[in-house]
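Working through the structure, step by step
For reference, the chains in residue letters:
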Amino acid sequence: MSNTNHDRDTLRELADEGNEMALDRLADLADAAGDLTELSELLDEGSPRAGFLLTRRAVASGDLRELQRISDAGYDGAGQELDRLLEAPADL
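Every chain is numbered independently, its residues counted from 1 as its sequence is written. Since the coordinates come from a predicted model, pLDDT governs what is reported: local features require at least 70, and pairs of side-chain atoms require 80 or more to be given and counted, while whole-chain, interface and lining totals use all residues. The basis for every side-chain value is the complete set of non-hydrogen atoms in the structure, without hydrogens or water.

Looking at the overall build of the chain
Keep this limit in mind: The numbering of helices and of strands both runs from the N terminus, where a helix is a DSSP run of H or I of at least 4 residues and a strand a run of E of at least 2. Burial here depends on accessible area, computed with a 1.4 Å probe over protein chains only, as a share of the maximum for the residue type. Under 20% is buried, over 50% is exposed, and the range in between is partly exposed. In this description, contact between two residues means that some pair of their heavy atoms is separated by no more than 4.5 Å. Under the convention used here, a 1.4 Å probe and the Shrake-Rupley method define accessible areas, while residue burial counts only the protein chains that appear. For the charge count, each Lys or Arg is scored as positive and each Asp or Glu as negative, with His and the chain ends excluded. The location of each charge is read from NZ of Lys, CZ of Arg, CG of Asp or CD of Glu.
Within the chain, the secondary structure is distributed over 6 helices and 0 strands. Here the chain holds 92 residues, and the buried ones make up 29% of them. In the chain, the proportion of contacts linking residues at least 24 apart, taken out of those at least 6 apart, comes to 22%. Only carbon and sulfur atoms are counted for the fraction: they give 48% of the accessible area of the chain, which is about 6,200 Å². Distance from the positive charge centre (9 side chains) to the negative charge centre (22 side chains) of the chain: 5 Å.

Shown next, in the form of structure tokens:
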């Protein structure tokens, strides 16, 4: 059985070389650690997984500004969620 616990440095090296699975794994590790700064940096590097994870958090907290920021960074799913939330009837 192979070892599935890869160290961050190795994952970072692979991601820097264009390995998207390593980039996704870094995003998963950052999400598990609650490291929003690293997730944002990974989104800026073009990680769709980071965009998904940040979007999920922003939707859960109802953070429309964060959804706009994530959408502006290139993750279309955040824009879709933002539109969905804005189209929902307001609770008066």
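The structure having been displayed, the exposition proceeds.
With respect to the nonpolar core
This is how the line gets drawn: Only buried residues count toward a nonpolar core, which is a set of Ala, Val, Leu, Ile, Met, Phe, Trp, Tyr and Cys residues joined through side-chain atoms within 4.5 Å.
By size, the foremost hydrophobic cluster in this structure holds 19 residues, and its most contacted members are Ala 27, Leu 39, Leu 42, Leu 43, Ala 50 and Ile 70. Contributing elements (two or more residues each) for this core: α1 (8–16), α2 (20–33), α3 (36–44), α4 (48–61), α5 (64–72) and α6 (76–87). Here this core takes 5 residues from α2, the largest share from any one element. With sequence-adjacent residues up to four places away left out, Ala 27 is seen in contact with Leu 39, Leu 42, Ser 47, Arg 49, Ala 50 and Leu 53.

Remarks on α2
Rules: Helix span is expected to be 1.5 Å times the residue number reduced by one. Any N or O atom pair separated by 3.5 Å or less is treated as a polar contact, with the protein-specific requirement of one donor-capable and one acceptor-capable atom, and with residues adjacent in sequence counted only for side-chain atom pairs.
Spanning 14 residues, α2 covers 20 Å between terminal C-alpha atoms, matching the ideal 20 Å at 1.5 Å per step. Listed in full, the buried residues belonging to α2 are Ala 22, Leu 23, Leu 26, Ala 27, Ala 30 and Asp 31. If you follow the buried residues of α2, they end up packed against α1, α3 and α4. The backbone nitrogen of Met 21 lies 3.0 Å from a side-chain oxygen of the residue at the head of α2, namely Asn 19. The positive-phi residue at the C-terminal boundary of α2 is Gly 34, with phi of around 70 degrees.

By themselves, these observations are geometric and do not establish any function.
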